[in-house]
Amino acid sequence: MTDLSYDKTVTALLVVDPYNDFISEGGKIWPRIKAVAESNNCVPHMQQVLQAARDAKLRVFYAMHHRYREGDYASWKYIAPIQRRAWKNRSFEFGTWGGEFRAEFVPAPGEIVASEHWCSSGFANTDLDLQLKRHGVQRLIVIGLIAHTCIEATVRFAAELGYDVTVVKDAVADYSEEMMHAALDINMPNYASAIVTTDEIVAALSSSRVAIIAAE
């Protein structure tokens, strides 16, 4: 098991895109990730990590994708392919069930939702970096969707900004096992200091909680 320890004063959990469209039966994108998400128990693992972070009194932040609104992109001169797909599919449409947090991931009082990202990185053109810095966060534990797009882009950007990043590999999902492999085994090891399992991070946060309680 990877040797992990986390100081709650500088560590936060970052939950990426826990929308119904991604991780709920009936969501627009769920059929594409269902096989991978169910094979690694992504959603239950996300819940476990979130609860462990709350129990350990870590700060929790959310990086949420832009929710589609009528007229989005219509006047843009250049649109990235991933944004064209969001436009076509009306992904995470504002005011609809698909554009809401899945019930188990609704932010608790005091948890912070950063401004929505338009492409893949939770940091690009949002206030996420500002919010983290204002709260003294230097280390991030990252879970959510999707491994080769928003998770990878957010982890890369976090590393560029100087954050130490841990990715929980069975609390993310993707469209295929090949995409998971590319993101978690080839690309993200260049940016994440640790890529661990849910069991490992829950054990580490539990140990951190014991240390925190002893110090209080």
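Residues numbered from 1 in each chain as written. Predicted model: local features only at pLDDT ≥ 70, side-chain atom pairs only at ≥ 80, totals over all residues. Heavy atoms only, no water.

Trainee: What is the right way to read the side chain of Thr166 from this model?
Mentor: As for its position among the elements, Thr166 is in strand S5 (residues 164-172). Given a relative accessible area of 1%, Thr166 falls into the buried group. Looking at Thr166, its side chain comes within polar contact range of the side chain of Tyr6, at 2.8 Å. (Helix = DSSP H or I, 4+ residues; strand = E, 2+ residues; numbered from the N terminus. Buried < 20%, exposed > 50% of the residue type's maximum accessible area, 1.4 Å probe, protein only. Polar contact = N/O pair within 3.5 Å; in protein donor to acceptor, adjacent residues only side chain to side chain.)

Trainee: For this particular structure, what's the right way to read the confidence of the model for the chain?
Mentor: Interpretation of this model should avoid reading the predicted coordinates in detail wherever pLDDT is low. A residue-level look at the chain finds 94% of positions with pLDDT of 70 or above and a mean pLDDT of 94. Note that pLDDT drops below 50 for residues 212-216; the model gives that stretch 4 contacts with residues more than four away or on any other chain. (pLDDT = per-residue confidence, 0-100. Contact = heavy atoms within 4.5 Å.)

Trainee: Would you mind going over the pattern of salt bridges with me for this structure?
Mentor: It is possible for side chains of opposite charge to pair when their charged atoms get near one another. What the rule picks out here adds up to 11 salt bridges. Here Arg69 ties to Glu116 by a salt bridge, and the two come within 3.8 Å at their closest N and O atoms. Of this pair, Arg69 sits in the loop between strand S2 (59-63) and helix H4 (81-89) while Glu116 sits in the loop between strand S3 (112-113) and helix H5 (128-134), and the two are 47 residues apart along the sequence. For Arg69, a relative accessible area of 30% puts it in the partly exposed group. Across the pair Arg90 and Glu93 runs a salt bridge, and its minimum N-O distance is 2.9 Å. Connected through shared salt-bridge partners, Lys28, Glu70, Arg90 and Glu93 make up one network. (Salt bridge = Lys/Arg side-chain N within 4 Å of Asp/Glu carboxyl O.)

Trainee: Please clarify how the environment of Glu104 should be interpreted in this entry.
Mentor: Structurally, Glu104 is set in the loop between H4 and S3. When the C-alpha atoms of Glu104 and Val43 are compared, they prove to be 9.5 Å apart, with 61 residues separating the residues in sequence. Dropping the residues within four chain positions of it, Glu104 is found in contact with Gln47 and Leu50. At a separation of 2.9 Å, a polar atom in the side chain of Glu104 contacts the side chain of Arg102.

Trainee: So what exactly am I meant to see when it comes to the pairing of S5 here?
Mentor: Consecutive residues of a regular strand have side chains that alternate between opposite faces of the sheet. Burial analysis of S5 places 7 of its 9 residues in the buried class, which makes it a mostly covered element. One ladder, built from 5 bridges, connects strand S4 (residues 139-144) with S5; its direction is parallel. What sits directly across from Ile141, in S5, is Thr166. Of the crossover connections in this fold, the one passing from S4 over helix H6 (residues 147-160) to the parallel S5 is right-handed. Relative to strand S6 (residues 194-196), S5 runs parallel, the two being bridged by 3 bridges. Across the sheet, Thr166 pairs through a bridge with Ala194, a residue of S6. (Pairing = 2+ DSSP bridges. Right-handed = clockwise from strand over helix to strand, strands pointing away.)

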